[in-house]
Amino acid sequence: MKTVIVGAGLGGLLTGAFLAKNGHKVTVLEKSPIIGGRFTNLPYNGFQLSTGALHMIPHGEDGPLAHLLRLLGAKVKIVNSSPKGKILWEGKIRHYREGWKFLTLKEKAKALKLLAEIKANRLPKGEEAEMPADEWIREKIGEGEFIIKFLESFTGWADSVSLTELPAIELAKEIKATLRWGGPGLIKGGCKAIIDELSRIIRENKGEIVTKKEVIEIDAERKVVITKDNEEFSFDVLISNIGIKETVNLIGKDYFDKDFLKTINKIEPSEGIKFNLAIKRDSVIGNTVVFTPELRINGFNEPSALDKSLSKKGYSLIMAHMALKDRNIKKAIKEGWNDLLELFPDGEPILAQVYRGSNPVNRTRAGINVEWPLEGIYVVGDGYRPQGGIEVDGIALGVMKVLEKLKLGTFHEWYL
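In short, a report on the structure. In this numbering scheme, every chain counts its residues from 1 along its sequence in written order. Only residues with pLDDT of at least 70 are given local features in this predicted model, and only at 80 or more are side-chain atom pairs given and counted; all residues enter the totals for whole chains, interfaces and linings. Hydrogen atoms and water are omitted, and side-chain values are computed over all heavy atoms in the structure.

### Side note on the overall build of the chain
Under the convention used in this document: By the criteria applied, helices consist of DSSP H or I runs no shorter than four residues and strands consist of E runs no shorter than two, each listed in order from the N terminus. What the globule rule says is 2.2 Å times the number of residues to the power 0.38, and the radius of gyration is computed from C-alpha atoms. For the exposure calls, accessible area comes from a 1.4 Å probe over protein chains only, and a residue counts as buried if that area is under 20% of its type's maximum, exposed if over 50%, partly exposed in between. Note on contacts: a residue pair qualifies if any of its non-hydrogen atoms lie within 4.5 Å across the two residues. Note on areas: Shrake-Rupley, 1.4 Å probe, and residue coverage restricted to the protein chains presented here.
Each helix and strand in the chain was counted, giving 12 helices and 20 strands. Taken over the C-alpha trace, the chain has a radius of gyration of 21 Å; the compact-globule value for 416 residues is 22 Å, and the two agree within 12%. With respect to the principal axes defined by its C-alpha atoms, the chain has extents near 65 × 55 × 40 Å. Out of the 416 residues belonging to the chain, those deemed buried represent 61%. Long-range contacts, defined as pairs at least 24 residues apart, comprise 70% of the intrachain contacts of the chain with a sequence gap of at least 6. With the model as given, the accessible surface of the chain reaches about 17,900 Å², and the carbon-plus-sulfur share is 49%.

### So, a positive patch on the surface
The condition that has to hold: Residues forming no salt bridge and having over 30% relative accessible area are the ones grouped into patches, like charges within 9 Å of each other and nonpolar side chains (Val, Leu, Ile, Met, Phe, Trp, Tyr) within 5 Å. Every case where a carboxyl oxygen of Asp or Glu lies within 4 Å of a side-chain nitrogen of Lys or Arg is listed as a salt bridge. For the purpose of counting charges, residues Lys and Arg are taken to be positive, whereas Asp and Glu are taken to be negative. His and the chain ends are not included. Lysine's charge is taken at NZ, arginine's at CZ, aspartate's at CG and glutamate's at CD.
A surface patch of like charges, here positive, comprises Lys-106, Lys-110, Lys-113 and Arg-122. By the element assignment, Lys-113 lies in helix α3 (residues 105-119). The exposure class assigned to Lys-113 is exposed, which follows from its relative accessible area of 55%.

### Let's talk about the pairing of strand β18 (residues 316-323)
As a reminder of what qualifies: Strands qualify as paired when DSSP identifies two bridges or more between them.
For β18, a buried count of eight out of eight residues is recorded, marking the element as mostly surrounded by other parts of the structure. The alternating pattern of β18 places Ser-316, Ile-318, Ala-320 and Met-322 on one face and Leu-317, Met-319, His-321 and Ala-323 on the opposite face, and all of these are buried. As paired strands, strand β15 (residues 272-279) and β18 are joined by eight bridges and run antiparallel to one another. Within β18, the position partnered with Gly-272 by the bridge is Ala-323. Bridging between strand β17 (residues 299-301) and β18 involves three bridges; their strand directions are antiparallel. Bridged to Phe-300 within β18 is Ala-320.

### Description of the packing of helix α1 (residues 10-21) against helix α8 (residues 191-204)
Keep this limit in mind: Here, axes are lines fitted to C-alpha atoms. For helices the fit covers the stretch in contact, and angles between N-to-C directions go from 0 to 180 degrees. Any angle that falls under 35 degrees is termed roughly parallel, while one over 145 is termed roughly antiparallel, one within 65 to 115 roughly perpendicular, and all others oblique. Each crossing gets its hand from how the near helix is turned against the far one by less than a right angle, where anticlockwise is left-handed and clockwise is right-handed.
Running from amino to carboxyl end, α1 crosses α8 at an angle of 30°, the nearest separation of the two axes being 8 Å. In terms of axis orientation, α1 runs roughly parallel to α8. Judged by the sense of rotation from one axis to the other, the crossing of α1 with α8 is left-handed. Of the residues in α8, those in contact with Leu-10, Leu-13, Leu-14, Gly-16, Ala-17, Ala-20 and Lys-21 of α1 are Ile-194, Ile-195, Leu-198, Ile-201 and Ile-202.

### Focus: helix α9 (residues 244-251)
Along an α-helix, a turn takes 3.6 residues, which lines up residues three or four apart on a common side. Quick note on the threshold: By arc we mean the arc of the directions from the helix axis to the C-beta atoms, nothing more.
Within the span of α9, buried status applies to Ile-244, Thr-247, Val-248, Leu-250 and Ile-251. Angular distribution of buried residues about the axis of α9 spans 160°; they occupy a single face of the element. Buried-residue contacts for α9 involve β11 (215-219), β14 (237-240), α10 (258-264) and β20 (377-379). Immediately beyond the C-terminal end of α9, within one or two residues, lies Gly-252, with a positive phi of roughly 110°.

Given below as structure tokens:
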């Protein structure tokens, strides 16, 4: 069976690896000169930065992405964070469990009750499910400053959105995912280690990956994709890794009903800024993530804690993320650097990377869920992440759903 994959990002390559191993004749078409999209390494001044993600997987070796990599036999080392996370509060970096002491007894009791409900799958429904997550948390736990600011930091780090922009059901499922699969983990070799393994699996199973090959049209009737240089590739199955709106534009809006087109008009991206900081020390925080509720940045991690090859010799690499709320980009970048250099006065700024417009953090913002209507053509990647799916683990959940439709596995136990 011929399969064409448009876009060599994580979702496309992950799906392609499964299809190639299951006998599909896979051709991946990528308009850029490199593969991996926003999930590969960017060599820069002696450091291995990333094109997007922070060399970290939201649920480490116990989440859906790691599960799919194991099924593929991918030779990738993921090491869970220890501790799962830390919090910068009242000027001190603390173990995440210390956060409980900043809640009143009443708030703590309510928070424990809410966690028990989520763990037991008693999630918000109806109007409650759609209410803004900050209002839901205030109703469920209280008005305390710490819990709201901490969750604001969490959603900024995990989703690049404010708590006010996220529906209650999305936050509840993200909490459920964290309770089920745990915290993050670093990847030895960074994001590129996973991309290299997926491309190896595709090629070893007679698949082809073609770079500098931009698709400009999908002819769903003839089952061919047409590239900018007028080459045609026929398909039995088409996988798109370029976003829902973008895929609709390539197919043509006449192929979809009005209700679906109205739905996709509501799709909005999430935007953010990533800061890369060098510190002339062997280690700074270790393999963990530090949430920063008191700052404008949402959190930071240290990818070189697992793999020194990601940083220049004698240095540690710190990556920080900030959800983009200010339209004044220069001001937001300045504020982010000020936060980081206040924390690490000996730090040396390397690069600030802005993700917005045609290169956002996610093409479809967390909390917006669109079901793709066509058979034979499927969307994967950051444009299609099921509820509760955080970043690349969310991409993996979307890939699972597509693999099930193609009868290449059952993954119901992973759905939230």
